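Okay, here's what each chain looks like letter by letter:
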Amino acid sequence: MPRNSELDVAYVARLARINLTEAEAELFQKQLDDVLKYVEKLRQADVSHVEAAAHALPIFNVFREDAPRDWFPAEQALSNAPRQANGLFIVPKVVE
Amino acid sequence: MTAEDLPALSIADVQSLLRRREVSAREIIDALVARIEAVDPEVGAYLSLDREAAAKDAEKANVDLPLGGVPLAIKDIINVMGQPCTCGSKILNGYRATYDATVIRKLRTAGAIPFGKTNLDEFAMGSSTENSAMKLTRNPWDLSRVPGGSSGGSAAAVAADIAFGALGSDTGGSIRQPAALSGIVGFKPTYGRVSRFGLVAFASSLDQIGPLTKTVRDAALIMNAIAGHDPQDSTALNEPAPNYTAKLGEDLRGVRLGLPKEYLIKGIDPQVKAAINAAVKQMTSLGAEIVEVSLPTTEYAIAVYYIVATAEASANLARFDGVRYGYRAENPKDMLDLYGRTREEGFGSEVKRRIILGTYVLSSGYYDAYYLRAQKVRELIRQDFAKAFEKVDALVSPTSPVPAFKLGERVADPLQMYLADIFTIAANLAGICGISVPCGFAEVDGHRLPIGLQLLGKALDEARILQIAHAYQQSTNWHKARPPIAVGGRKA
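Keep in mind it's a predicted model, so treat the numbers as computed, not measured.

Trainee: Please explain the overall build of chain A as it appears in this structure.
Mentor: Along chain A, the regular secondary structure elements total 3 helices and 2 strands. Written out in order from the N terminus, the α and β elements of chain A read α-α-α-β-β. Compactness check: chain A gives a C-alpha radius of gyration of 23 Å against a globular reference of 12 Å for 96 residues, more than 25% above the reference. Dimensions of chain A, computed from C-alpha atoms along their principal axes, come out at roughly 55 × 45 × 25 Å. For chain A, buried positions account for 19% of its 96 residues.

Trainee: Looking at this structure, how should I read the nonpolar core?
Mentor: Core analysis: the biggest nonpolar cluster contains 181 residues, and Leu-72, Val-304 and Ile-307 of chain B have the highest contact counts within it. Per-element accounting of this core gives the leading share, 11 residues, to helix H9 (residues 301-316) of chain B. Residues within four places of Val-304 of chain B in sequence aside, it is in contact with Leu-42 of chain A together with Ala-374, Val-377, Arg-378, Ile-381 and Leu-429 of chain B.

Trainee: What should I look at first to understand the confidence of the model for chain A in this one?
Mentor: Any residue range with low pLDDT should be treated as having predicted coordinates unsuitable for detailed reading. Overall, the prediction assigns chain A a mean pLDDT of 90, with 99% of residues at 70 or greater. The spread of mean pLDDT over the elements of chain A runs between helix H3 (residues 74-77) of chain A, the lowest at 91, and helix H1 (residues 9-15) of chain A, the highest at 97.

Trainee: Sorry if this is basic, but what is going on with the packing of helix H2 (residues 22-39) of chain A against helix H11 (residues 349-362) of chain B here?
Mentor: What describes two packed helices is the angle between their axes and the distance between those same axes. Close contact between H2 of chain A and H11 of chain B brings their axes to 11 Å; oriented N to C, the two are set at 55°. The pairing of H2 of chain A with H11 of chain B is recorded here as oblique in orientation. The two elements H2 of chain A and H11 of chain B cross, and the hand of that crossing is right-handed. Of H11 of chain B, the residues touching H2 of chain A (which contributes Phe-28, Gln-31, Leu-32 and Val-35 of chain A) are Arg-353, Ile-356 and Leu-357 of chain B. When the residues that make up the contact of H2 of chain A with H11 of chain B are grouped by side-chain class, the tally is 5 nonpolar, 1 polar and 1 charged.

Trainee: I keep staring at the interface of chain A and chain B and nothing clicks. Help me out?
Mentor: Listed per partner, the contact involves 42 residues of chain A and 58 residues of chain B. Within the residue set of the side of chain A that touches chain B, elements represented by two or more residues are H1 and H2 of chain A. A per-class count over the side of chain A that touches chain B returns 31 nonpolar, 6 polar and 5 charged.

Trainee: Any chance you could explain the confidence of the model for chain B here in plain terms?
Mentor: On average, chain B scores 96 in pLDDT, and the residues at 70 or more come to 99%. This complex was scored by the predictor with a pTM of 0.97 and an ipTM of 0.94.

Trainee: It is not clear to me how the sheet that holds strand E11 (residues 447-457) of chain B should be interpreted in this structure. Could you clarify?
Mentor: Pairing between sheet strands relies on hydrogen bonds along the backbone, with the strands arranged either parallel or antiparallel. Residue and element names in this part refer to chain B. Strand order in the open sheet made by the 11 strands is E1-E3-E2-E4-E6-E5-E10-E11-E9-E7-E8, with mixed pairing throughout. Only two strands of the sheet have a single partner each, and these edge strands are strand E1 (46-48) and strand E8 (289-293). Averaged over all neighbouring strand pairs, the angle between strand axes comes to 35°, with direction disregarded. Bridge analysis of strand E7 (residues 256-260) against strand E9 (residues 394-398) gives 2 bridges, and the strand direction is parallel. Paired with Gly-258 across the strands is Leu-395, a residue of E9.

Trainee: Help me understand the pairing of strand E4 (residues 165-169) of chain B, please; the structure alone is not making it clear to me.
Mentor: Residues in a regular strand project their side chains so that they alternate between the two faces of the sheet. All names here are of chain B. Buried residues dominate E4, accounting for 5 of its 5 residues. Neither face of E4 is exposed, since Gly-165, Leu-167 and Ser-169 on one face and Ala-166 and Gly-168 on the opposite face are all buried. Summarising the sheet, strand E2 (residues 71-75) and E4 pair through 2 bridges and their orientation is parallel. Looking across to E4, one finds that Ile-74 is bridged to Leu-167. For E4 and strand E6 (residues 209-213), the ladder comprises 5 bridges, and the chain directions are antiparallel. The residue of E6 that forms the bridge with Ser-169 is Ile-209.

Definitions and cut-offs
Residues numbered from 1 in each chain as written. Chains lettered and ligands numbered in written order. Predicted model: local features only at pLDDT ≥ 70, side-chain atom pairs only at ≥ 80, totals over all residues. Helix = DSSP H or I, 4+ residues; strand = E, 2+ residues; numbered from the N terminus. Rg over C-alpha atoms; globule rule 2.2 N^0.38 Å. Buried ≥ 20, exposed ≤ 12 C-beta atoms within 10 Å, placed from the backbone. Core = buried A, V, L, I, M, F, W, Y, C linked by C-beta atoms within 7 Å. Contact = placed C-beta atoms within 7 Å. pLDDT = per-residue confidence, 0-100. Axes fitted to C-alpha atoms, helices over the stretch in contact; angles between N-to-C directions. Parallel < 35°, antiparallel > 145°, perpendicular 65-115°, else oblique. Left-handed = near helix turned anticlockwise from the far one by under 90°. Nonpolar A, V, L, I, M, F, W, Y, C, P; charged D, E, K, R; others polar. Pairing = 2+ DSSP bridges.

The structure is reproduced here in structure tokens:
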């Protein structure tokens, strides 16, 4: 597939656990190449003296008391499960 | 006043009628439902409406509380116990919330009735609400145009008088921009001012819940109910929330307004520019002083945003894997097949695009060049705003460079859609607060299209921004104009 950046959409989609059709992969490749070209402008910014900001506001080490409290029961937690039985989520076999 | 007139009232006015026992909470719900049924088939603001639950809540409403008996619409990305929460996505079709978000719990404590879940761009990713997998929402001022996004359903509902007010969420402008395009007030609080517990996460360091309303006073009333610390959200600031209505009514004498010179970009619609200039002049005549300021990093804001927001989204949306809730692909042959097909079939294009971009910028070998660099430039943007706010109380700009665009006009080119967020995005990166208020109309193809004025304030200075916006609004009539569909609905 032709591309104009180092991004390989088909490969990254596999990392992200999203199946793509070939047509979709081709379209996204073109669109995201454009976006990556646009964000190249960040290379011009002088960040040599800057610390990275994970957050806009300085919040550190937020603790609350480790106290038990009511929360919804297992039955409610399972109420939206696509498949469930015996109080458990049912998924395809993982271990032989 | 007849029942047909009720839905056009502001929150403040309807609450005062309720408090004086001139109307009951049940009558309000009934009048609103009648209007929704008449108007919403054309607008498409709502995804779900639980009339029975609302009627029950109305019967036991305590109208003496600050928002007692007032129904409020909720963006369908905020959990309301027992109600659907689709996030505008197929992947959450059929999901029902098992708890109330903190904002919902707080609204209920203030007496409000959460009623109706509103349409949005899928997982709040978009600027037009066209990325919803559920339905199309139309701009009440011109049904061939978008209401803005991502809180487009909330904005259209308030604008069309089929909601008294609504909650939205704002990650890069998703409250302010649809408010501007739909001709109402939209307020984004400081990051951390309102708890995000129960808001389905898109970009956790940027997301913030806020009100969409007919007036600035209504926005302040909702803020009084929802602001404040929450032990269930570690990013909710542990700062006392002030009374947001207390300063309303103070004038603009001594207020310093900053005009960022970098915001005079090409591509601003001439009618938008004229309306903003007129609004600035109006505020000057009310006593405000104008100061030119500089935000040199403006040109980087959109690039930083689409790296930081997509990176966070790729991590947040990993939870939609078809295991615990929502959609699951049929007959998966193994776990990888279950994940891959569930996410292929469940997510729409924009969401997939952003997850892929976010995964890429966080991936080994690219993290430093993209994500780490973007975080550093984000810090520069934050510092730019901090410097500007040493000189001024608020920054003034258009909310959107253009009025509402046509449905379908921009879907094919994501980058062009992103670039329209230029004025709103930086506020989320810097964590500051901002509001959009109606400031005029553009005449386009025989339709009047609303224009929004944006005021940005420093972190935690919401009361000041609401005061300035209120003073301006009280000197204009823009917020009193109703779209043709609301006026027509009233006659029917």
